[in-house]
Amino acid sequence: LNLSSLYRVVGEKGCQLRSSESMESTPVAFLPRGSIVEVLQSKVSASVGLRSRRVLVRHAGHERRAETCSTVPGGSSANGSVAQGWASLQSWQGYVILSPLSSLCYTNTRWGPTRPIVRQCGHAAHLRCVEAHCLSLHQRSAGNQAFDGRFSANIEDGEFLCPLCKQLSNILIPDESNEKGDSSQSQVIPLTTSASATMCEEEDGIEVMKNMISATSADVSQIRNVLSRTRQVNYSDPDAESKNKAIYQFGSHLSQGMQQLTDISGAEKAERHAWHDALRRWDFEDDNVIKNILRLSREQLIAWAAVGYGASSSESSGRGLRKEIFGEVDFIVKDPWSGYSKECQDSHPMLLDLRRLVTASAGLFDVLTYEIGKTLGTAEDKKIGSTVPVFGDLISDILEGKSWMDSQNNECNETDQWRIVSSLIASMLCHVSREDGVAPRLEARAVAAAMWVVNGRLSPPPNVVTGPTAVDMNGGMESDENQVDNDVEISRAETDDAVRAAIPPTPLSISRAERNLGIRLESDWGITNPFHIKPNSQTKAPFRPAVASAFLYVPLLAWDLNILAGAVFSSLLSGSKSSPQVTCNELLQSAKILLVGRLTQVLLLPGGFVDPENGASDPMDYDDYDGQWDGTKTAKEGEALKKLLLFCRRKAGVSDDASIDKYDDSDLCSAVGNAVLPFCRSLVLLLRASLSTFRQRVKGQRTNSRTGSMVEALTKLLNGPIAMSTENGFHLMTLIGAPPPSD
């Protein structure tokens, strides 16, 4: 199936097929909105240009849909035969008629367009100075006076020009140095661990560094100890938000920058006007239960994505570069951070950009952790004066692969709740942008489901018409008119409040799971108060705000691993004043786990790697790296890859033993290695930024503490020429210490 040649009719008026590329030719068939067509040939009008591109399409309609199509002889018949004719991709006014199916799959997946790229000009300013500057822009705009960026910056959306370089900007990234505070109140960051080996001064080879790094096992318990730490806070401090104002604005501006607010048609405006007000708020908030936690969670997800895709976009700029040597064209891989070395390991401009994003995301994680306890905890709980690391525990569960299915007690109430709620999590979107980023019906369903989760199983009285019922919820929400949910009775005196609340009906995934399993969720299912979570419990009750956000309960293999990498590294680096502090060992173990997850994704997903049988993969010489990939090693890893590939395909229900056995060992290693190489390189850049953060924090402590041997070894490896110049993905995995397929 070639998605690049498949298009979907997205125009509200459908698509008209004609007998030739001329707009005056005879109509052949009419395809309604939602039809899928295959593009066979394309033409471009010289007078109008690309906007008039005409394409020859073929549509194999189903019997039921063919009956709705207008047909003439030579087109399609009412029994569902093939319709073929010429159509326009868009009108000359720019009205889109056909949209690539690949882009629709891209935006309608679980993660959708959650891929922000942050470009920095590198200039710093005080927050109050920028606020005063932006205020002056608004004042001059209101007075119809000239100002910087009058014709290039949309100041209503928070855009402005950098006062120094005049680059268009819309966010400010907080500087970590403003949050260090008094160093005497902080503990010295320990950069060595008990598992670190001693490195002699004369042992300076790459093999010694590789052996030290590989000697540490991927122990998730060490990562959990860091992510599950608590810190002392004062929930009654009225100045808490003002002290972290830069971080709050950073998250808010990131979220605003992800909103693709475009003009919509009158029909869509009329349809959305019928929705309840709450459904038009992508980040659902209320005054009693959740408040702003969902919005902060979504801002945190955007910050994680900015970190992960900041490293990914930087990595891709140094891969597949064209180079001509003696008339022969070759494509090489090099370090995207040109000139990066030991001398500039803390001052390279591109490293500074990524490090700022990592530390800002870590600061936002601290703010989110604080707000969860402040908003959802009771007055008695907040007297304890410590944060609750609920999100850190959930990230640890993702890395460890821990879920409710691991429980030995399948009869407990928490297990029954998970059996029901998992169906909703599996169908929830993890989008962070609205409007063009997600279809309106999907947007309404996601918001309605979040509202239902946050409020528990509450229902309005039968005479209250709720907002979501005005939306076509077929397939998304339960719309049975005979269904009456009497879990909570609402008096007539509260009818007006109930109308304003407009609690949506039970999601269809929940009602079907309850019907199939014979289990019914109670009205107070799950946990809303984070202080009531039992950290050492084998089966934890669902944390409702996290269920409403969905992404924190997504298993590792279903994640966009670039986003998860940003989440793990920035979360580990959060809490710079907490104990225990993160060490080099935890960062390295996280990288190993993520690499194993990426390798599994490559083998599990259709098209995860280029099929060696297609001849598109360039076999590489595995004998070039210090004997790591000699004939014996290649055969061993090739056989292990075949077994892993067979296991993954059987789990996915697409096993084909014959096609796997015919793969050549070297070709298979080459194809899979090429597939994991980009993510390996992204992790190297994230490790560089993280280690630089270590060194800067040690300097901020003003102590004589030296970095440990593990940090020195890893720094030397990351600064070396091999890490970002190798074209062998498995070789880079070995250098980082990730287990090969045979292990």
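See the structure shown above.
Notes on the structure follow. (Residues numbered from 1 in each chain as written. Predicted model: local features only at pLDDT ≥ 70, side-chain atom pairs only at ≥ 80, totals over all residues. Heavy atoms only, no water.)

## Examining the side chain of Ser-692
Here is the rule we go by: What counts as a helix is a DSSP run of H or I of at least four residues, what counts as a strand is a run of E of at least two, and both are numbered from the N terminus. Type-normalised accessible area, obtained with a 1.4 Å probe on protein chains alone, sets the label of each residue: buried when under 20%, exposed when over 50%, and partly exposed for intermediate values. Contact definition: two residues touch when any of their heavy atoms are within 4.5 Å.
Tracing the backbone shows Ser-692 in helix H22 (residues 665-701). Taking relative accessible area as the criterion, Ser-692 reaches 0% and is therefore assigned buried. Once you skip the residues sitting within four places of it in the chain, Ser-692 turns out to touch Gln-345, Asp-346, Leu-351 and Arg-355.

## Comments concerning unusual backbone geometry
The backbone phi angle of Asn-144 is positive, close to 55 degrees, even though this residue is not glycine. Assignment of secondary structure puts Asn-144 in the loop between helix H3 (127-142) and strand E8 (160-161).

## With respect to the nonpolar core
Threshold: We define a nonpolar core as any set of buried Ala, Val, Leu, Ile, Met, Phe, Trp, Tyr and Cys residues linked to one another through side-chain atoms lying within 4.5 Å.
Ranked by internal contacts, the top residues of the largest apolar core, which has 139 residues, are Trp-304, Phe-391, Phe-543, Trp-559, Phe-609, Val-672 and Leu-683. Among the elements that take part in this core, H22 stands out by supplying 17 residues, more than any other. Excluding anything up to four places from it in sequence, Trp-559 contacts Trp-111, Leu-301, Ile-398, Phe-551, Val-554, Leu-564 and Gln-601. Counting 16 residues, the second-largest nonpolar core is a separate cluster that includes Cys-15, Leu-17, Ala-29 and Val-55.

## Digging into the packing of helix H19 (residues 584-604) against helix H20 (residues 631-652)
Packed helices, taken two at a time, are described by their axes: the angle between them and the distance between them. The condition is simple: In this analysis, axes come from line fits to C-alpha atoms, helices being fitted only over the stretch in contact, and the angle between any two N-to-C directions falls in the range 0 to 180 degrees. By the definition adopted for this analysis, an angle is roughly parallel if under 35 degrees, roughly antiparallel if over 145, roughly perpendicular if from 65 to 115, and oblique otherwise. Handedness of a crossing follows from how the near helix is turned relative to the far one, being left-handed for an anticlockwise turn of less than a right angle and right-handed for a clockwise one.
In contact at an axis separation of 8 Å, H19 and H20 are set at 65 degrees when each is read in the N-to-C sense. Considered as vectors, H19 and H20 are oriented roughly perpendicular to each other. Handedness of the crossing formed by H19 with H20: right-handed. On H20, the residues touching Leu-599, Thr-600, Leu-603 and Leu-604 of H19 are Leu-641, Leu-644, Leu-645, Cys-648 and Ala-652.

## A short note on helix H10 (residues 349-376)
Under the convention used in this document: Multiplying one less than the number of residues by 1.5 Å gives the expected span of a helix.
If you check H10, its first and last C-alpha atoms are 41 Å apart, about what 28 residues at 1.5 Å a residue would give, namely 40 Å. Of all 28 residues making up H10, 23 are buried, and the element is well covered by its neighbours.

## Remarks on helix H9 (residues 293-316)
Here H9 is 24 residues long and its end C-alpha atoms lie 34 Å apart, about the 34 Å a rise of 1.5 Å per residue gives. Most of H9 sits out of view: 22 of its 24 residues are buried.

## Brief notes about the pattern of salt bridges
Put simply, the rule reads: By salt bridge we mean one thing: a side-chain nitrogen of Lys or Arg within 4 Å of a carboxyl oxygen of Asp or Glu.
Throughout the structure, instances matching the rule amount to 20 salt bridges. For Asp-237, the salt bridge is made with Lys-243, and the minimal N-O distance between the two is 3.1 Å. According to the relative accessible area criterion, Asp-237 is buried, its value standing at 18%. We classify Lys-243 as exposed; its relative accessible area is 62%. Measuring nitrogen to oxygen at the nearest pair gives 3.2 Å for the salt bridge that ties Lys-383 to Glu-380. Relative accessible area serves as the criterion here: at 63%, Lys-383 is assigned to the exposed category.

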